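# Chains, contacts and geometry: an overview
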Number of protein chains: 2
Amino acid sequence: MKVIKVNLKERSYDIIVGHNLLALSGRYLSSLKIGNSAYIITNSLIKIKYGNILERSLRKHGIASRFKLIPDSEKSKSLSIASSVIRDLARYDNRKKVFVIAFGGGVAGDLAGFVSSIYKRGVPYVQIPTTLLAQVDSSIGGKTAVDLAEAKNLAGSFYQPKMVLSDVKLLSSLNKRQIGAGLAEVIKYGIIRDKNLFSYLEKNMPKILALKRGALEYIVYACGKIKADIVSKDEREKKGMRTILNFGHTAAHAIEAACGYGKYNHGEAVGLGMLVASGISDKIGLLKPGMPARIEKIIKTAGLPTKISNVPLTKIISAHYRDKKFIGSKNRFVLLRDIGRTKILCDVPLALIKKEIKARF
Amino acid sequence: MKVIKVNLKERSYDIIVGHNLLALSGRYLSSLKIGNSAYIITNSLIKIKYGNILERSLRKHGIASRFKLIPDSEKSKSLSIASSVIRDLARYDNRKKVFVIAFGGGVAGDLAGFVSSIYKRGVPYVQIPTTLLAQVDSSIGGKTAVDLAEAKNLAGSFYQPKMVLSDVKLLSSLNKRQIGAGLAEVIKYGIIRDKNLFSYLEKNMPKILALKRGALEYIVYACGKIKADIVSKDEREKKGMRTILNFGHTAAHAIEAACGYGKYNHGEAVGLGMLVASGISDKIGLLKPGMPARIEKIIKTAGLPTKISNVPLTKIISAHYRDKKFIGSKNRFVLLRDIGRTKILCDVPLALIKKEIKARF
């Protein structure tokens, strides 16, 4: 078991990474002294698989609980679902000291975080991520959001959890595609910040795909440390540091939006987006020779798609224009010089963006 | 023109109090450098009366604008209206640097503040309050909220504006009932914090009710100063200081909820709530003799009701139980020792609360 500290003054918290932590969750959460009634936002599959373990451990440490099931779909990230969850929470929260547990992947995390941030102007919440994507990325840093018809994550908040419990044992039930989705973000961390992690991935992908405990603990811890460090320095994405986490995400969001968030999951779109960003970096002479191929290879090894199909290019471009990463009238791309060395560029020519997206068809 | 500073480190801002400030709004807002496109959330009446003045002044200083009209009703404070406003804002915000103006009373302020706090995880907003209630209270301090069926202000955030422009000239079109609603909060400030203000009110109520410019500037400035001071010390209502602003509000919220937010407006309910709180303070021997009568007199002079009618007592009591001012299983009342001296008491016996509410029938 390892602990990573996210340093944000009075909003600081620990990320606990380990194996079989869920069975000890009651001990961890009761030590936070944030309440005696847990409102657990999750989906039915997670509840069936792991609900008992969580509930029992909480009860053992004097914490009552109630499960709130939401569909395991991006559609759950809506203001109307948030509204119905808040109303249910208000009915549960009858003279209790309540806190929220986000128990699931990115959808449960984003929704539960958002609900916690606005219910009574903020109640405490903790993250118990159950997917690789959530453990290495979305559960850390307090970005919460729901989608609107106009764009993904259009409404949300910066609202930090009181703890993140990353139990890699929970990853054992994930399928290859779910693991791949998380690996896209793991690869991203390597590319933007950590040569050692990138080399580790190049050497150990089979172990990771076989869900070996040691390999999972290594990558979850390595990514958690990078993200915690960046978030600690730039909580609200104001200083440009946190911006590098968006490597691959500008094109990814456009691809997801153009496909109606169905065909490609977030990680797959990020994989494609990283290829677009590394292509642009290469074309403008920023990126070291040989790197685009190395990046494409690791993405392929992780089982992620490297080609886009059955989506009109024009749809991706127009979705790109609506992306919130436009500041004023400028687009903003996180580009690459080398593994671990990024450069943020504004006003990348549209023709170049188009060309690199097209190269993925 | 007078300036009050709200000190909250990087979230600090000015409250400008004066006469005919709206005509200069463009100058004030452009100096903030928060954007070149203003999304103005208001109601149709305000737009008809004052929209041109605001729009012209903004344009003169290089700020484009768009009006978003919402019904002037507590019903506008809902997640579904917030959702439709955000979607409209997203369509307006096409490659612009946008900020929000809350232009109206408490409803516009609470909704616009909430929308600003969650749209793209936070965009800048300013308050241009047009009612006495909003100028002395709700526009200052960054409390934003929408209502849910279960309770008022159940979802919201702490999100500070970048400026508050309080133009007392805008108050000249308010009717007696609207002025009374604001005066309830003015009286509250006097009672909880400022003997001089309380004496001023006892002597100058006719001038205030006649909407004399000097009297309005005096009370808006005095209240703004008190609220700014309290908010600066206890932004998120964690240290108990901001709690005293809830004087009269525990019973007020129950009265409003029991009446379905129609019969009594917020200020009228606060007037009644202050009478309940001063009654409880008196019965437990906390409050100086003679004070309940003085408080009742000033509330009456302001044209506010001192009696409740046509609402079942049981409905008020059950609404009281759902109030979010319950912490854990305890109620929490702001009570009074003397003008300017409060005491927060937990677990006030229900029988006593009932008795004092009953005394208002």
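Just so we're clear, the structure is a prediction, and the values are computed from it rather than from any experiment.

## Things to note about a positive patch on the surface
Taken together, the side chains of A:K9, A:K239, B:K9 and B:K239 present a region of like positive charge at the surface. Take A:K239: it is sitting in the loop between helix 8 (213-233) and helix 9 (249-258).

## Brief notes about the packing of aromatic side chains
Applying the stated criterion to the full structure yields 6 aromatic pairs over all chains. On the basis of an interplanar angle of 15 degrees and a centroid distance of 3.8 Å, the ring pair of A:Y200 and A:Y218 is categorised as stacked. One end of the pair, A:Y200, is in helix 7 (residues 195-209); the other, A:Y218, is in helix 8, with 18 residues separating them in the sequence. When the ring of B:Y39 is compared with that of B:Y92, the centres are 5.9 Å apart and the planes differ by 35 degrees; the resulting orientation is tilted. In this pair, B:Y39 sits in strand 3 (residues 37-42) while B:Y92 sits in helix 3 (residues 79-92), placing the two residues 53 residues apart along the sequence. Comparing B:Y39 with B:Y92 shows no difference in burial state: the two are buried. The cationic tip of A:K2 hangs over the ring face of A:Y221; the distance from NZ or CZ to the ring centre is 4.3 Å. The side chain of B:R121 reaches across the aromatic face of A:F158, ending 5.9 Å from its centre.

## Focus: the relation of the copies chain B and chain A
Take chain B, turn it by 180 degrees, move it 0.0 Å along the axis, and it overlays chain A with an RMSD of 0.0 Å. Given the turn and translation reported, the copies of this chain are related as if by a two-fold rotation axis. The residues that chain B uses at the interface reappear at the interface of chain A in 100% of cases, marking a shared surface.

## Looking at the pairing of strand 9 (residues 163-167) of chain B
Residue and element names in this part refer to chain B. The element strand 9 is extensively covered by neighbouring structure, given that 5 of its 5 residues are classed as buried. Neither face of strand 9 is exposed, since M163, L165 and D167 on one face and V164 and S166 on the opposite face are all buried. In this structure, strand 2 (residues 13-18) lies alongside strand 9, joined through 5 bridges in parallel fashion. Residue pairing in the sheet places V17 in a bridge with S166 of strand 9.

## Quick word on the interface of chain B and chain A
With 34 residues of chain B at the contact, the number on the chain A side is 34 residues. Here chain B and chain A share an interface that buries about 3000 Å² over both sides, 59% of which is from carbon and sulfur atoms. Of all residues in chain B, B:R95, B:R121 and B:E150 bury the most surface against chain A, accounting for 28% of the area lost on that side. Applying the counting criterion to the chain B and chain A interface returns 4 salt bridges. In this assembly, chain B and chain A are joined by 10 residue pairs in polar contact (both at pLDDT 80 or more).

## Looking at the packing of helix 7 of chain A against helix 8 of chain A
Residue and element names in this part refer to chain A. Taken N-terminus to C-terminus, the directions of helix 7 and helix 8 make an angle of 150 degrees; their axes are 10 Å apart at the nearest point. Considering the angle they form, helix 7 stands roughly antiparallel to helix 8. At the point where helix 7 passes helix 8, the crossing takes the left-handed sense. Between helix 7, through N196, L197, Y200, L201, K207 and I208, and helix 8, the contact on the second element is made entirely by G214, A215, L216, Y218, I219, A222, C223 and I226. The residue makeup of the contact of helix 7 with helix 8, split by class, is 11 nonpolar, 2 polar and 1 charged.

## Brief notes about the side chain of B:S83
Structurally, B:S83 can be placed in helix 3. On the accessibility criterion, B:S83 (17% relative accessible area) is buried. If near-sequence neighbours (up to four positions away) are discounted, B:S83 is found in contact with A:L79 and A:L148.

Rules used in this analysis
Residues numbered from 1 in each chain as written. Chains lettered and ligands numbered in written order. Predicted model: local features only at pLDDT ≥ 70, side-chain atom pairs only at ≥ 80, totals over all residues. Heavy atoms only, no water. Patch = residues over 30% accessible without salt bridge, like charges linked within 9 Å, V, L, I, M, F, W, Y side chains within 5 Å. Areas by Shrake-Rupley, 256 points an atom, 1.4 Å probe, with all protein chains shown as cover. Salt bridge = Lys/Arg side-chain N within 4 Å of Asp/Glu carboxyl O. Lys, Arg positive; Asp, Glu negative; His and termini not counted. Charge placed at Lys NZ, Arg CZ, Asp CG, Glu CD. Helix = DSSP H or I, 4+ residues; strand = E, 2+ residues; numbered from the N terminus. Phe/Tyr/Trp six-rings, centres within 6.5 Å; stacked < 30°, edge-to-face > 60°. Buried < 20%, exposed > 50% of the residue type's maximum accessible area, 1.4 Å probe, protein only. Lys NZ or Arg CZ within 6 Å of the ring centre and 35° of its normal. Least-squares fit on C-alpha atoms with pLDDT ≥ 70 in both. Contact = heavy atoms within 4.5 Å. Pairing = 2+ DSSP bridges. Buried area = accessible area lost by both parts, 1.4 Å probe. Polar contact = N/O pair within 3.5 Å; in protein donor to acceptor, adjacent residues only side chain to side chain. Axes fitted to C-alpha atoms, helices over the stretch in contact; angles between N-to-C directions. Parallel < 35°, antiparallel > 145°, perpendicular 65-115°, else oblique. Left-handed = near helix turned anticlockwise from the far one by under 90°. Nonpolar A, V, L, I, M, F, W, Y, C, P; charged D, E, K, R; others polar.

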